2 protein chains.
Amino acid sequence: MRKIITLAVLFTVSSFTYAQQTDSAVIRSIYDYTLTQSDCYKNLDYLCNKIGGRLSGSENAEKAVQYTKSVMENYDFDKVYLQEVMVPHWVRGEKEEGYFINKKTKTPVRICALGGSIATPKSGIQAQIIEVKDLDELKKLSKEKVKGKILFLNRPMNPKHIETFKAYSEAGYQRRDGARLASRYGAAGVIVRSLGFSNDPSPHTGAMNDTTEARVPAIAISPIDADKLSEELKKNPSLEFYYKTNCQTLPDAKSYNVIGEIKGSEFPDEIILVGGHLDSWDLAQGAHDDGAGCMQSIEVLRTFQKLGIKPKRTIRAVMFMNEENGTKGALKYAEEAKEKKLKHLAAIESDAGGFTPRGFGIDGAKEAMDKIASWKTLLDDYDLHELGPGGTGVDIGPLKAQGATLLGFRPDSQRYFDIHHSTADNFDRVSKRELELGAASMSALVYLIDKYGL
Amino acid sequence: MRKIITLAVLFTVSSFTYAQQTDSAVIRSIYDYTLTQSDCYKNLDYLCNKIGGRLSGSENAEKAVQYTKSVMENYDFDKVYLQEVMVPHWVRGEKEEGYFINKKTKTPVRICALGGSIATPKSGIQAQIIEVKDLDELKKLSKEKVKGKILFLNRPMNPKHIETFKAYSEAGYQRRDGARLASRYGAAGVIVRSLGFSNDPSPHTGAMNDTTEARVPAIAISPIDADKLSEELKKNPSLEFYYKTNCQTLPDAKSYNVIGEIKGSEFPDEIILVGGHLDSWDLAQGAHDDGAGCMQSIEVLRTFQKLGIKPKRTIRAVMFMNEENGTKGALKYAEEAKEKKLKHLAAIESDAGGFTPRGFGIDGAKEAMDKIASWKTLLDDYDLHELGPGGTGVDIGPLKAQGATLLGFRPDSQRYFDIHHSTADNFDRVSKRELELGAASMSALVYLIDKYGL
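Residues numbered from 1 in each chain as written. Chains lettered and ligands numbered in written order. Predicted model: local features only at pLDDT ≥ 70, side-chain atom pairs only at ≥ 80, totals over all residues. Heavy atoms only, no water.

Draft legend 1. Fine view of the packing of helix H3 (residues 40-51) of chain A against helix H15 (residues 432-452) of chain A. Residues and elements named next belong to chain A. Where H3 meets H15, the axes come as close as 9 Å, and the angle between the chain directions of the two elements is 115°. Between H3 and H15, the interaxial angle falls into the category roughly perpendicular. The segment H3 lies against H15, with Cys40, Tyr41 and Leu44 engaging Lys432, Leu435, Glu436 and Ala439. A per-class count over the contact of H3 with H15 returns 5 nonpolar, no polar and 2 charged. (Axes fitted to C-alpha atoms, helices over the stretch in contact; angles between N-to-C directions. Helix = DSSP H or I, 4+ residues; strand = E, 2+ residues; numbered from the N terminus. Parallel < 35°, antiparallel > 145°, perpendicular 65-115°, else oblique. Contact = heavy atoms within 4.5 Å. Nonpolar A, V, L, I, M, F, W, Y, C, P; charged D, E, K, R; others polar.)

Draft legend 2. Just the interface of chain A and chain B, in detail. Facing 29 residues of chain A, the contacting portion of chain B comprises 30 residues. Both faces combined, the contact of chain A with chain B buries some 2,600 Å², and carbon together with sulfur accounts for 52% of it. Its largest share of buried area at the contact with chain B, chain A owes to Ile162, Arg358 and Arg433 of chain A, together 26% of the area lost on that side. Between the two partners, chain A and chain B, sit 2 salt bridges. At the junction of chain A and chain B, the tally comes to 16 residue pairs in polar contact (both at pLDDT 80 or more). At 5 residues, the largest contribution of residues to the side of chain A that touches chain B is made by helix H2 (residues 23-37) of chain A. (Buried area = accessible area lost by both parts, 1.4 Å probe. Salt bridge = Lys/Arg side-chain N within 4 Å of Asp/Glu carboxyl O. Polar contact = N/O pair within 3.5 Å; in protein donor to acceptor, adjacent residues only side chain to side chain.)

Draft legend 3. Inspection of the sheet that holds strand S4 (residues 111-113) of chain B at higher detail. Residue and element names in this part refer to chain B. Sheet architecture is open: 8 strands sit in the order S3-S2-S9-S5-S6-S7-S8-S4, paired in mixed fashion. The sheet terminates laterally at strand S3 (105-108) and S4, the two strands that pair on one side only. Recorded for the sheet is a direction-independent mean angle of 35° between the axes of neighbouring strands. Across 4 bridges, the pairing between strand S5 (residues 125-132) and strand S6 (residues 150-153) is parallel. Bridge pairing in S6 places Val132 opposite Leu153. Most of the contacts of helix H8 (residues 173-184) go to strand S7 (residues 189-193), to which it runs at about 160°, and overall it touches S6, S7 and strand S8 (218-221). (Pairing = 2+ DSSP bridges.)

Draft legend 4. Molecular detail of the side chain of His288 of chain B. Residue and element names in this part refer to chain B. Here His288 shows up in helix H10 (residues 287-307). In terms of polar contacts, His288 uses its side chain to reach the backbone carbonyl oxygen of Arg429, at 2.9 Å. If we skip the residues at most four places from it in the chain, His288 touches Gly353, Gly354, Phe355, Tyr416, Ile419, Asp425, Arg429 and Val430.

Draft legend 5. Molecular detail of the packing of aromatic side chains. Applying the stated criterion to the full structure yields 30 aromatic pairs over all chains. Each ring, one from Tyr416 of chain A and one from Phe417 of chain A, has its centre 5.1 Å from the other, and the planes form 80°; the classification is edge-to-face. By relative accessible area, Tyr416 of chain A is classed as buried at 2%. Exposure remark for Phe417 of chain A: the relative accessible area of 0% places this residue in the buried category. One aromatic cluster is present, formed by Phe165, Tyr168, Phe355, Tyr416 and Phe417 of chain A through successive ring pairs. For Arg433 of chain A, the ring lying beneath its charged end belongs to Phe197 of chain B, and the centroid distance is 4.5 Å. (Phe/Tyr/Trp six-rings, centres within 6.5 Å; stacked < 30°, edge-to-face > 60°. Buried < 20%, exposed > 50% of the residue type's maximum accessible area, 1.4 Å probe, protein only. Lys NZ or Arg CZ within 6 Å of the ring centre and 35° of its normal.)

Draft legend 6. Focus on the nonpolar core. Core analysis: the biggest nonpolar cluster contains 73 residues, and Ile27, Tyr31, Leu44, Leu278, Leu407 and Ile449 of chain B have the highest contact counts within it. When residues no more than four places from it in sequence are discounted, the contact partners of Leu407 of chain B are Ala346, Ala347, Ile348, Glu349, Phe360, Gly361, Ile362, Ile372, Thr392, Ile396, Leu445 and Ile449 of chain B. Formed by 72 residues, the second largest nonpolar core is a distinct cluster that contains Ala61, Leu345, Ala346 and Phe360 of chain A. (Core = buried A, V, L, I, M, F, W, Y, C linked by side-chain atoms within 4.5 Å.)

In structure tokens:
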């Protein structure tokens with residue numbers, strides 16, 4: 001921390017006038033600055049290696065709130081503040097244990113409880129397995145057949161999609177609704193194939209929908225182990241699986257969204273928001289998901305400041321709390337924005353990893369889409385070829401009803417599900433240049449939106 | 001190996017007729033197949049983890065020749081053969097040792113000899129350092145000032161270039177010509193800043209030009225250590241550096257290019273070549289550079305075969321030997337092609353890493369460029385946005401004079417210089433999907449070139 005403070009203070013602010021420069025020169029200077037003097041990589045290093053995983057309600061989440069607040073205060077942004085919000089507080093407890101038993105041979109399996117799940121009894125549960133590959137297979141099963149057994153949802157993510165998020169959204173119901181479906185069929189528990197590709201050795205956690213209806217303990221196993229288990233079941237359909245989880249849901253906890261802003265010179269009441277989410281799953285450091293997006297968002301404001309670009313509109317960096325298991329921070333932010341009648345011109349979220357940028361997904365009115373498309377030639381030099389309709393972000397979603405044009409930072413998606421919600425999402429998987437290019441692309445877009453409106 | 005053979009034999013060949021399908025359907029099937037059933041990742045695993053680094057003339061290079069030959073034979077390509085070529089045989093010898101001495105305190109530094117360098121005397125060399133940031137600084141120095149000292153070439157790669165190869169080509173002279181320049185000034189030795197970005201902790205090796213004139217022992221240190229050494233020199237310009245290297249150049253060795261082909265049905269004498277280089281530096285496994293390109297090239301032929309696409313022209317996969325320190329394999333290949341009056345319609349090289357594809361660089365006649373550009377809409381869906389003039393490949397270069405259109409596979413370049421020629425270029429840095437997407441993009445391009453000519 002001390003180091004960061006010192007550097008920020010020592011840094012010489014340049015202040016030549018950006019109004020006189022062409023857009024392409026300004027964008028070039030944004031990239032030059034970010035690729036040589038940005039702080040996002042070292043700030044992410046601190047968040048990951050000094051704080052680590054930071055699930056809502058945890059001590060680490062509180063540390064992350066205080067850390068990002070102090071980073072922005074040290075940068076001397078115009079305003080830095082916390083927005084209180086009550087968040088769910090689920091804890092994993094002691095490390096889980098799992099194995100399958102085939103003719104008295106126990107084979108250990110790495111497991112992890114899904115976020116929001118109830119725990120097994122202290123003695124664990126042990127039962128036979130019913131494997132299904134998809135919902136149609138499940139529908140064909142009678143309750144009698146499933147009752148008392150462990151439902152095993154084993155639909156792989158489809159590797160044929162070039163955009164991996166498409167495969168994720170197709171297979172995601174297993175994690176989100178698996179426990180509820182298992183409950184409905186009277187199963188004793190549910191094992192979910194992790195949302196990663198088939199060569200992935202790690203179990204991935206993640207949130208479940210509607211935990212009130214999901215009254216069986218839910219775990220994930222890695223894609224590799226899911227394939228292995230499936231093979232074993234072919235040989236011996238009556239093998240049993242044992243697992244023990246120790247998670248629990250504590251009372252809601254007080255937490256915060258962390259907000260920093262640079263005031264607009266002409267239209268201070270028009271807000272351009274850049275954000276990510278500060279909470280992360282507990283299995284790893286939350287480097288790509290979504291420490292990257294938070295540090296890139298802070299970097300956008302810092303870049304404007306250090307380059308002396310005075311925005312006409314207010315640029316606001318928001319670190320949303322609780323995206324992973326409740327989105328309470330996003331809801332609170334939108335609710336308060338509505339109450340205060342804030343005008344969000346645009347909201348940009350970076351929550352798809354700190355990988356090489358490919359463009360932005362847009363959700364907005366036709367005029368806004370057309371205007372953004374007209375900047376294509378300015379952004380093509382930076383490999384931002386994809387500027388069109390697309391997914392944006394869970395945290396900014398509620399601002400659409402308030403008239404904001406939503407934009408989702410879209411990096412290369414190939415490696416995202418190798419690390420998403422698993423033990424692999426650590427700082428060592430982040431490329432400095434890729435992270436910086438993402439920050440620069442966000443700054444360039446904010447610059448254009450600020451200058452030309454939407 | 002046994003496993004690979006078994007799988008290849010067991011595989012059922014599909015044989016529906018591709019002529020009746022639209023190009024977009026064929027390309028889709030190429031991607032589907034590659035993303036679900038390709039062997040390139042597991043073949044690369046074997047090359048990296050069972051064989052490893054394979055510098056020309058080494059036992060491992062010979063193993064790699066035999067391995068790739070047997071892989072292609074097991075796939076039952078129409079023809080698989082070796083093309084003999086004599087290659088330089090430089091060996092590193094025992095691990096190098098280096099440190100700087102500042103007021104009697106020795107600080108160890110990770111060093112590596114540059115490829116082709118002579119060794120230090122057995123006792124090593126120790127001398128003061130003359131640091132220069134660029135050639136202009138060097139030109140201003142008198143021979144007297146440099147004589148007997150160690151020249152330290154410390155120009156960083158410029159991080160501002162979006163395309164990292166541009167930064168590489170600007171700073172590359174330090175490695176290629178450093179020892180020659182040092183020799184000319186009468187220096188005792190030369191330390192070169194490695195060709196990686198500033199947060200890189202590893203020294204990178206690589207070839208030098210014209211080793212006959214480069215009569216001083218040359219080493220590289222990591223960018224991090226180069227910055228550190230530079231800082232220390234500011235505090236104490238008379239500090240000394242010690243290093244000891246043990247490399248030597250042995251007599252040229254016999255080696256081979258490895259070639260496999262599928263015979264064309266209509267124009268068997270027209271060749272479409274896909275290739276990479278089989279040799280790699282000795283510090284790591286040569287995973288991205290260029291095991292990836294070799295395994296992708298073999299995969300192109302395998303994909304045609306497994307999908308039952310009968311090419312009109314002959315498709316040839318070439319694993320060139322000795323790209324890294326002599327390009328003797330490439331020269332031999334082109335020489336023999338000329339003698340035999342072979343017609344290479346196109347030559348595609350993959351030697352920029354197994355990262356997410358962005359397109360292809362092209363070097364050819366306007367008509368060929370225009371034809372390739374006309375396929376843009378077919379390739380856009382696969383994020384192959386970059387199809388234009390650009391770098392192609394060292395191994396295929398000599399075929400240009402024989403009329404071939406040259407194409408260089410162009411993957412995302414951001415992480416390449418984090419691993420290039422350093423201890424980091426290992427299989428664990430390769431993403432299965434990224435590697436496969438590269439192979440599929442090469443297959444798609446070969447399919448179009450074969451169908452429409454150039």
